[in-house]
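Coordinate inspection notes
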Amino acid sequence: MTEEQMLAGTIKNNAAAQEALYNRFSPRMLGVCYRFAKNREDAEDMLQEGFIKVFTQLHQYRNEGALEGWIRRIVVHTCINILKKNKKFTDSVDIIHASGIHIKEDMIPAIMQAKQVVECIRILPIGYRTVLNLYAIEGFSHREIGQLLDIEESTSRSQYTRAKAMLEEILLKKNIIYKTGNKSLYGKTGVVR
Amino acid sequence: MENKFYTDDDFEQFLKDTTDSFRMYPSKKVWYSIYNDLHPSRKWPSLAVCLLLIFAILFVGITNNNSINKSKKSFNGNNYFAAETEHGTDESGIPKQGKTIAMLGSGSNKNAQAATPGQNRNITSSSVSDVLLKNDMSSYFTEEDGNIQVNGGNNIVIGYTDQGSTTAPVKATTASNTRAKVTRSNATTDETATVADNDPADADTRIETITTDTKEASTAELNKTNIFKDLLSKEDKEWIENYAYNNQASISKFKQRAAIQYYVTPSIGFRFLRKNNDFDPPMNQQTLVGSNTQPDPILDINDEVTQKSSINMEAGVTLLYNVSKRTRLKAGLQFNYTSYISFADRMKHPSQSYLLYNSGSSYIMVPRSSSYANSITGDKNERLNNKTVQLSLPVGADFKLLGKDKLKWYAGATVQPSFTTGGQVYAISSDTKNYVEQNDLLRKWNFAAGLETFLSYKSPSGITINAGPQLRYQFLSTYKKQYSYTEKLYNVGIKLGVTKSF
């Protein structure tokens, strides 16, 4: 089924078209949700709610940009709304007061392949993780992040700086990146000069 | 990604590139939830069918219960009864109350010493008096010149009806101090009451039946307490109270001791996984080889797999038979559903794996296609549901430990030969790296045992409710004997049952 056929069928509430669209985009979208969520179950809840919004709002999609990008933005907004609704930012370390976090070796799980980086991101406190996801990966500006999370733009910048530093420390310990001089080299393998 | 290097300035690009290739596969329930949310109307047919089924069961149950109750209420004509009825009026025209005793019966009735009827079914005075004497009612009458004279205030009517010919009670109204004369009616619609007859020459005594449709018949109250107290022996009273008024048909000895029980047992189930010690030649650590090129000894298979328990279910019907006050035997039919979860990672492309089998004289590495990698350290994004569906014949016994009357405590045990009708098996490969879906590894016939203890409460309606924990253990492996591992399932749950006597 082509993307156009899926779109047309989904708008008509055709179950087969909806399932085809879901099967095509859900693996990647679940990966997006997993970066925001506390665990897999929460990620699946976010995915479920996100796709329901996608299906009910698909008639508003105007073919401006890729469909995947449109779906991704809806899913990201859904993730943020769920985190805010469940007050997840106050569960552990909140977005303002995250400091003094020590990375222990045993916090870094023994995992394989590309998931290593995602799991390292998930080690971060939820506030740091959210800002980092939104800015570094999803491409939101600090101003947009401030509006989304009800924080100041400057707070978003400072939190991102700290998140980036913490993530680098984790990636270094995991040997996903290497440090040479004052610079970090990012890559699966590399030669330390 | 291996050959890409990013500097500090490209941190965001690095994160984007690495996370962009990251995929996770959601569980099926996510799609089902989305589907149900988008198509709520499609839930209604299944709800409607469930409701229809429930109503049908209730309707059948209520209908059967009513028909049984109706049959219990009907008279068969082999009854004693007594009624306090109006008979006659006093001088001012006010109806007088008195006691009217009538005995109806055939020769087969206990104590129904009805007078032997003549060919025309008439009962003569001599036979009437004979019956009265035998039933110690002589104080209520005097006999004069072969005629029955009823003592003041009381009326005695003795008659004979065909057994089972009517379901209506008999009513007689007479004036006191006179002999009663009752006219038999063959129809079921006559409403004529008896008429007092002052002619002492009339020796015929007949009974007229009145249909239940008549208002009089429906309002006639059985005042058994007062009358029986005065007239009947203790033995007669008990007989009447137990059988005459309730008109219960005698039930067979089997039905008195037997009952039927319906039950369901939700439980948590898991497994014991071991290497197959029945392999011939016997396996050792080195036998569990990895790929066909590189042996890899495995110490304990349970350290090599990640799994968790899941919800199991049993439901069935059992016939119970009391052999003594404390012991009852039971046998029935049971449906079993067993399940547990193995964690895996879905592979992008199927790969070849090997299952280790035993042919009786050597080992065989059987190649199979696998789509799931064993997720011992991975993200466990796939839950493999290993399940079986079985029919079993539980046979066993229950023993009463404590209690009497309504509340009792039992312990029970059963043996359960089982037949596996279907299921799903994800077998671990010989190198423990992959899972292979291999349903033909399921053993068809199996054997299990159940142990239980429960409380039993008998409700006022006669239905008994049972509840208590149960352990079920499967003695034989789920897998066929050729496979390199054995799996024995067990589950622990709460058994809830409803028992009804026949």
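Attention here is on the structure that accompanies the text.

Quick notes on the rules
Residue positions within a chain follow its written sequence, with the count starting from 1. Whichever chain is written first is A, and whichever ligand is written first is 1; the rest continue in order. Residue-level local features of this predicted model are given only where pLDDT is at least 70; pairs of side-chain atoms are given and counted only at 80 or more, and the full residue set underlies all totals for whole chains, interfaces and linings. For helices the rule is a DSSP run of H or I covering at least 4 residues; for strands it is a run of E covering at least 2, with both sets numbered from the N terminus onward. Every C-beta atom is placed from the backbone, and the number of other C-beta atoms within 10 Å of a residue's own sets its class: buried at 20 or more, exposed at 12 or fewer, partly exposed in between. Throughout, a pair of residues is in contact if the C-beta atoms placed from their backbones lie within 7 Å. We call two strands paired when DSSP finds no fewer than two bridges between them. Note: the arc covers the axis-to-C-beta directions of the helix. Only the stretch in contact is used when a helix axis is fitted, and all axes are lines through C-alpha atoms; the angle between N-to-C directions ranges over 0 to 180 degrees. Roughly parallel refers to an angle under 35 degrees, roughly antiparallel to one over 145, roughly perpendicular to one between 65 and 115, and oblique to any angle outside these ranges. What makes a crossing left-handed is the near helix being turned counterclockwise from the far one by less than a right angle; a clockwise turn instead makes it right-handed. Three residue categories are used. Nonpolar comprises Ala, Val, Leu, Ile, Met, Phe, Trp, Tyr, Cys and Pro, charged comprises Asp, Glu, Lys and Arg, and polar comprises the others, including Gly.

Before going further, it helps to spend a moment on the overall build of chain B. Within chain B, the secondary structure is distributed over 8 helices and 17 strands. The buried share of chain B, reckoned over its 502 residues, is 28%.

Below, the discussion takes up the overall build of chain A. In terms of helices and strands, chain A carries 8 helices and 2 strands. The secondary structure elements of chain A, listed N-terminal to C-terminal, are α-α-α-α-α-α-α-α-β-β. Per-residue burial for chain A yields a buried fraction of 37% across its 193 residues. Across chain A, every contact between residues at least 6 apart in sequence was considered, and the portion connecting residues at least 24 apart equals 58%.

Turning our eyes to something else, we now look at the pairing of strand E6 (residues 258-275) of chain B. Examined bridge by bridge, E6(B) and strand E7 (residues 307-322) of chain B share 12 bridges and lie antiparallel to one another. Bridging from a neighbouring strand, Gln261(B) pairs with Thr318(B) of E7(B).

Let's shift gears to the environment of Tyr25(B). By secondary structure assignment, the location of Tyr25(B) is in the loop between helix H1 (11-20) and helix H2 (28-38). Assessed through the 15 C-beta atoms surrounding it within 10 Å, Tyr25(B) is described here as partly exposed. Measuring from C-alpha to C-alpha, the distance between Tyr25(B) and Glu382(B) comes to 7.4 Å, with 357 residues separating the pair along the chain. Once residues lying within four places of it in the same chain are set aside, the contact partners of Tyr25(B) are Pro27(A), Arg346(B), Asn381(B) and Glu382(B).

This part covers the environment of Tyr363(B). Residues and elements named next belong to chain B. Summarising the element assignment, Tyr363 is placed in strand E9 (residues 363-374). With 17 C-beta atoms packed within 10 Å, Tyr363 lands in the partly exposed category. Here the alpha-carbon distance between Tyr363 and Gln482, two residues 119 residues apart in the chain, equals 9.3 Å.

Turning to the pairing of strand E16 (residues 464-474) of chain B, a few remarks are in order. Residues in a regular strand point their side chains to alternate faces of the sheet. Residue and element names in this part refer to chain B. Pairing geometry for strand E15 (residues 445-458) and E16, over 9 bridges, is antiparallel. For Tyr457, the partnering residue across the bridge sits in E16 and is Ile465. Counted between consecutive antiparallel strands, the loop separating E15 from E16 contains 5 residues, among which Gly462 sits at a positive phi close to 100 degrees. With 10 bridges connecting them, E16 and strand E17 (residues 485-501) associate as antiparallel partners. Paired with Asn466 across the two strands is Gly497, which belongs to E17.

Once that is clear, we can look at H1(B). Among the residues making up H1(B), those that are buried are Phe14(B), Leu15(B), Thr18(B) and Thr19(B). Taken down its axis, H1(B) places every buried residue within 115 degrees of arc, on the same side.

As a further point, take the packing of helix H5 (residues 115-123) of chain A against helix H8 (residues 153-173) of chain A. Residue and element names in this part refer to chain A. At a closest axis distance of 9 Å, the pairing of H5 and H8 adopts a crossing angle of 135 degrees. As summarised for this structure, H5 and H8 are arranged oblique, according to the angle between their axes. In the packing of H5 onto H8, the handedness of the crossing is right-handed. Between H5 and H8, the contacting residues are Cys120, Ile121 and Ile123 on the first element and Leu167, Ile170 and Leu171 on the second. The residue makeup of the contact of H5 with H8, split by class, is 6 nonpolar, no polar and no charged.

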